[in-house]
Amino acid sequence: MNTIPGEIVQLPDVQASNPEVSIGLTRVGVTEVKKMVEITRSDKRPIILIPTFDIFVDLPSYRKGANLSRNLEAIDRTLEEALNRPVYRVEDLCVDVSKRLLETHEYASNAEVRMHGEYMMKKKSPKTGLECQEVYDIYADAIVARGGLTRKTIGAKVIAMTACPCAQEISKESAFKKLAALGVADNVIQDFLEDMPMPTHNQRGVGTIKIESGDDVKVSIETIIDIIENSMSSQMYELLKREDERHVVESAHKNPKFVEDCVRTMAKNLVQKFPNLPDDAVITIEQVNEESIHRHNAFAERMATFGELKKEVLSNGPIL
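Residues numbered from 1 in each chain as written. Predicted model: local features only at pLDDT ≥ 70, side-chain atom pairs only at ≥ 80, totals over all residues. Heavy atoms only, no water.

## Remarks on the overall build of the protein
1) Next: Along the backbone of the protein there are eight helices and 10 strands.
2) Next: Residue burial in the protein is summarised as follows: out of 320 residues, 43% are buried.
3) Next: The contacts in the protein between residues at least 6 apart in sequence include a share of 70% that link residues at least 24 apart.
4) Next: The averaged location of the 50 negative side-chain charges in the protein is 2 Å from the averaged location of its 41 positive side-chain charges. (Helix = DSSP H or I, 4+ residues; strand = E, 2+ residues; numbered from the N terminus. Buried < 20%, exposed > 50% of the residue type's maximum accessible area, 1.4 Å probe, protein only. Contact = heavy atoms within 4.5 Å. Lys, Arg positive; Asp, Glu negative; His and termini not counted. Charge placed at Lys NZ, Arg CZ, Asp CG, Glu CD.)

## Remarks on the nonpolar core
1) Next: Judged by nonpolar contacts, the single largest core of 66 residues is most densely connected at Phe-53, Ile-209, Ile-211, Ile-224, Leu-270 and Leu-277.
2) Next: If near-sequence neighbours (up to four positions away) are discounted, Ile-211 is found in contact with Lys-152, Thr-153, Ile-154, Val-219, Ile-224, Leu-270, Phe-274, Leu-277, Val-282 and Ile-283. (Core = buried A, V, L, I, M, F, W, Y, C linked by side-chain atoms within 4.5 Å.)

## Concerning a nonpolar patch on the surface
1) Next: Among the surface-exposed residues, Val-21, Ile-23 and Leu-25 lie close enough to one another that they form a single nonpolar patch of about 290 Å² accessible area.
2) Next: As for its placement among the helices and strands, Ile-23 is situated in the segment before strand 1 (25-34). (Patch = residues over 30% accessible without salt bridge, like charges linked within 9 Å, V, L, I, M, F, W, Y side chains within 5 Å. Areas by Shrake-Rupley, 256 points an atom, 1.4 Å probe, with all protein chains shown as cover. Salt bridge = Lys/Arg side-chain N within 4 Å of Asp/Glu carboxyl O.)

## Focus on the environment of Ala-108
1) Next: Along the polypeptide, Ala-108 turns up in the loop between helix 2 (90-104) and strand 5 (110-124).
2) Next: Judged by relative accessible area, Ala-108 falls into the buried class, the value being 2%.
3) Next: Distance from Ala-108 to Asp-58, taken between C-alpha atoms, is 5.5 Å for residues 50 residues apart in sequence.
4) Next: When sequence neighbours within four positions are dropped, the list of residues in contact with Ala-108 reads Val-57, Asp-58, Leu-102 and Arg-146.

## Quick word on unusual backbone geometry
1) Next: Positioned with a positive phi, Glu-32 is a non-glycine residue whose angle comes to about 60 degrees.
2) Next: Inspection of the secondary structure puts Glu-32 in strand 1.

## Comments concerning the sheet that holds strand 5
1) Next: The strand order across the open sheet formed by eight strands is 1-4-5-6-7-8-9-10, and the pairing between neighbours is antiparallel. Lying at the two open borders of the sheet, with one neighbouring strand each, are strand 1 and strand 10 (297-305). Each strand of the sheet is rotated relative to its neighbour by a mean of 15 degrees, with strand direction disregarded.
2) Next: Running over the sheet, helix 6 (residues 242-253) touches strand 7 (150-163) and strand 8 (202-213) and is turned about 100 degrees from strand 7.
3) Next: Each of strand 9 (282-290) and strand 10 touches helix 8 (residues 306-314); the most contacted strand, strand 10, lies at about 110 degrees to it. (Pairing = 2+ DSSP bridges. Axes fitted to C-alpha atoms, helices over the stretch in contact; angles between N-to-C directions.)

## A look at the packing of helix 3 (residues 165-181) against helix 4 (residues 186-195)
1) Next: Direction vectors running N to C along helix 3 and helix 4 enclose 145 degrees, while the axes themselves pass 10 Å from each other. For helix 3 against helix 4, the interelement crossing comes out right-handed. Within the contact between the two elements, helix 3 uses Lys-172, Ala-175, Phe-176, Leu-179 and Ala-180 and helix 4 uses Asp-186, Ile-189, Gln-190, Phe-192 and Leu-193.
2) Next: Class assignment of the residues belonging to the contact of helix 3 with helix 4 gives a composition of seven nonpolar, one polar and two charged. (Left-handed = near helix turned anticlockwise from the far one by under 90°. Nonpolar A, V, L, I, M, F, W, Y, C, P; charged D, E, K, R; others polar.)

What follows is the structure in structure tokens.
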């Protein structure tokens, strides 16, 4: 084909052609896209994240492919705009990118953006007050349908410590019998066992909470992290001195929990911390305890609407 110098040649848009097999696709896009995001906090310094994004649109049956470069363009333009205004929540950023995708993919009916990354918070050791940084996995997701329906998800995964109640009761019974055989009075034994927790095996507990809701709901990721951490036997700390270590071990053994207890405690604490969540918000709570004396792990999960969860929690009495 002859062209005139300086003439712009219109290249063929292969993606817009018809496929050999006319079947619509639920998700088409790009995954593992890393970007830098600055999260503004009203009373603290901003947090810099380098999260990973997965970016999708649906594809109608009459179209061969999606213009994937538009996905990258959408997230880049949205992030550039975010530099000129504060971004308080990563899930809202995912919503903004999803809306931009529908603007650039005129053939799509739905857009979805998923994000996962690491979130750092400062903590102090429980006794000596040593300051350290703790790393948590966070998740965000947004699904936007053409016409306005939006659902977004925010969540976190936290590692802490659990102590097994079953093995501890066995140890407690054994100690009682041995002390009684030495002539120690029953009431003295009871006081001793209440003050000095008996040994048991421990697990590294991995707790996860995800909250799916509408576009107008605001949820604090740091509150989610706090709920998970405080629903196990003890928190974990990157840096501990001897006095801190003793406190952590004793605290965990005075607060033994099964994997099921952790999920139920998370549910109770979530209802207490987020009383104004809409009833149709979807809650997923998951706990995995990595066993120390078995090769398998223990698992428990609860999925429910917030309305269902709140009704069950409040049926146990007022939340203190």
